[in-house]
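# Observations on the model geometry
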Amino acid sequence: MSLLQIIENPGKNQWRNLLTRPVHHSDGLNETVSKILADIKNRGDKALDEYTLQFDKASFHDRLVNTIDLDKAEELLDEKLKRAVLQAKQNITVFHRNQVISEPYVETRPGIKCWRRSVAIEKVGLYIPGGSAPLFSTLLMLGIPATLAGCQEIVICTPPQKDGTIHPAILYSAKLMGITKIFKVGGVQAIGAMAYGTETIPAVYKIFGPGNQYVTHAKMLIQQEGVAIDMPAGPSELAVFADDTAVPAWVAADLLSQCEHGPDSQVILVTDSRDFAEKVNISLEQQIGKLSRKSIAFLSLENSKIILMANREDAMEYLNSYAPEHLILVCGNAEEMAYEVRNAGSVFIGNFAPESAGDYASGTNHTLPTNGYSKAYSGISIDSFVKKISFQQLTREGLQSISDTIIEMATAEGLDAHAAAVKIRFKNE
């Protein structure tokens, strides 16, 4: 039996069902998350200690990681891993540094000068999942643009291990970027701490980072209270368009690389070749048994499918409607096809561009919109950590040249004070 169902030439009336993501129902999610957030807001550190013991089974005297632990982390890490982190940091820095742009002054009319300036968000919080899969790569993806943007205060919250320590790769990555405010706290309670502030953890203006459904829901709730978040988020996902020029085993490996994230992850293969689709299914069966997280991958494949399209035009229309987090194009003229992509978080072109490259070391950011949000949201960049403030400077002559326009429009809208603010400056003329 094939691991992935092949759906052949679906009519557009079927697309709506094919575009849906896995839905994870959890009774009482909103009630549970709201209760924890309210408790953190009211009781601060005391509540944090209780939830850390309850959920992480950890207890410690000092929530803030000290410099001794940061130095020790570097000693504990394998040299090969340290070199890998350094190379990834270099590539991510090179790519994101290019996004730091100064906009020119614009003179809309003689005597009217307008411009925009990027100003860093002063206080940001980075949530980094820990536990069995410490995502130190995500710390690089968030910490590097935050430091390049010039954020004055960068707070990291990450769940402790049962012995009360933080994985050394997370601490080493933070030290490389010069970030020292690292707190041992995870889950909903970490989001609450960064949103409201506690006796030890400062409140921030914007919170970044992935998490489980509880963390994601907490972010959505605190956004309603005026704390900004990076983007709506959901389970990881990957779409691939491939033809007979692709290597079936490689495509199967790419699909499995996303399946191992979680049971609610989803992968979609779109192809115009039934023979290729069947070869990918065979490769999936050959490879999945070798994975350490194969039980998770099997569950993810239950949410996934292969869609056989009659032509590339229909395939690209479907993919733009699906709006994936990650999109791999492995086909003839893949670069040309990439120009037709309207909705995707990040695009990988060609046989030698696996999604894993973007997850770790090519340089692009891996914190991306999921669940179709790439129709309206971008992935993390320097822009995520700055505000664009507009400025204007007018001379007497400049204001006079548009005074009639302002007065006429303000009067038509019934805003007499707006018109008067201009009239008064030329009252004696």
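Below is a short write-up of the structure. All values reported here derive from a predicted model rather than from experimental measurement.

### With respect to the sheet that holds strand S13 (residues 346-349)
Ordered in space as S1-S11-S10-S9-S12-S13, the six strands form an open sheet in which the pairing is parallel. Looking along the sheet, the strands with just one partner apiece sit at the ends: strand S1 (5-8) and S13. Each strand axis lies, on average, 20 degrees off the axis of its neighbour in the sheet, ignoring direction. Strand direction decides the pairing type here: S1 and strand S11 (residues 305-308), joined by four bridges, are parallel.

### Regarding helix H7 (residues 168-177)
Most of H7 is tucked away, with eight of its 10 residues classed as buried. The complete set of buried residues in H7 reads Pro168, Ala169, Ile170, Leu171, Tyr172, Ser173, Ala174 and Met177. Next to the buried residues of H7 lie helix H4 (67-76), helix H5 (79-97), helix H6 (136-149), strand S5 (153-158) and strand S6 (181-184). Within two residues after H7, glycine 178 carries a phi angle of roughly 75 degrees, on the positive side.

### Brief notes about the sheet that holds strand S4 (residues 123-127)
The sheet built from five strands is open, its strands ordered S6-S5-S4-S7-S8 with parallel pairing. Both outer strands of the open sheet, S6 and strand S8 (228-229), are each paired with one neighbouring strand and no more. Alignment of S5 against S6, held across four bridges, turns out to be parallel. Across the sheet, residue threonine 158 finds its bridge partner in S6, namely lysine 184. Set on the sheet, helix H8 (residues 187-196) makes contact with S4, S5 and strand S7 (206-208); between it and S4 the angle comes to about 175 degrees.

### Digging into the packing of aromatic side chains
Counted under the stated rule, the structure contains eight aromatic pairs. Ring geometry for tryptophan 250 against phenylalanine 352: centres 5.2 Å apart, planes inclined by 65 degrees, an arrangement best described as edge-to-face. Separated by 102 residues along the polypeptide, tryptophan 250 in helix H10 (residues 248-259) and phenylalanine 352 in the loop between S13 and helix H15 (355-360) bring together distant segments of the chain. Of the residues examined, tryptophan 250 reaches a relative accessible area of 39% and is grouped as partly exposed. For the ring pair tyrosine 373 and tyrosine 377, a centre distance of 5.8 Å and an interplane angle of 85 degrees mean the geometry is edge-to-face. Relative accessible area serves as the criterion here: at 32%, tyrosine 373 is assigned to the partly exposed category.

### Comments concerning the side chain of aspartate 359
Structurally, aspartate 359 is set in helix H15. Buried charge aspartate 359 goes without a salt bridge, the closest partner of opposite sign being arginine 293 at 11 Å.

### Focus on the packing of helix H16 (residues 396-412) against helix H17 (residues 416-423)
The contact between H16 and H17 brings their axes to 7 Å, and the two run at 160 degrees. Of the possible angle classes, the one that applies to H16 and H17 is roughly antiparallel. Of the two elements, H16 crosses H17, and the hand of that crossing is left-handed. In this structure, H16 uses Ser403, Ile406, Ile407, Ala410 and Thr411 to contact H17, whose residues at the interface are His418, Ala419, Val422 and Lys423. When the residues that make up the contact of H16 with H17 are grouped by side-chain class, the tally is five nonpolar, three polar and one charged.

What counts as what
Residues numbered from 1 in each chain as written. Predicted model: local features only at pLDDT ≥ 70, side-chain atom pairs only at ≥ 80, totals over all residues. Heavy atoms only, no water. Pairing = 2+ DSSP bridges. Helix = DSSP H or I, 4+ residues; strand = E, 2+ residues; numbered from the N terminus. Axes fitted to C-alpha atoms, helices over the stretch in contact; angles between N-to-C directions. Buried < 20%, exposed > 50% of the residue type's maximum accessible area, 1.4 Å probe, protein only. Contact = heavy atoms within 4.5 Å. Phe/Tyr/Trp six-rings, centres within 6.5 Å; stacked < 30°, edge-to-face > 60°. Lys, Arg positive; Asp, Glu negative; His and termini not counted. Salt bridge = Lys/Arg side-chain N within 4 Å of Asp/Glu carboxyl O. Parallel < 35°, antiparallel > 145°, perpendicular 65-115°, else oblique. Left-handed = near helix turned anticlockwise from the far one by under 90°. Nonpolar A, V, L, I, M, F, W, Y, C, P; charged D, E, K, R; others polar.

Function-wise, these values are silent; they only describe arrangement.
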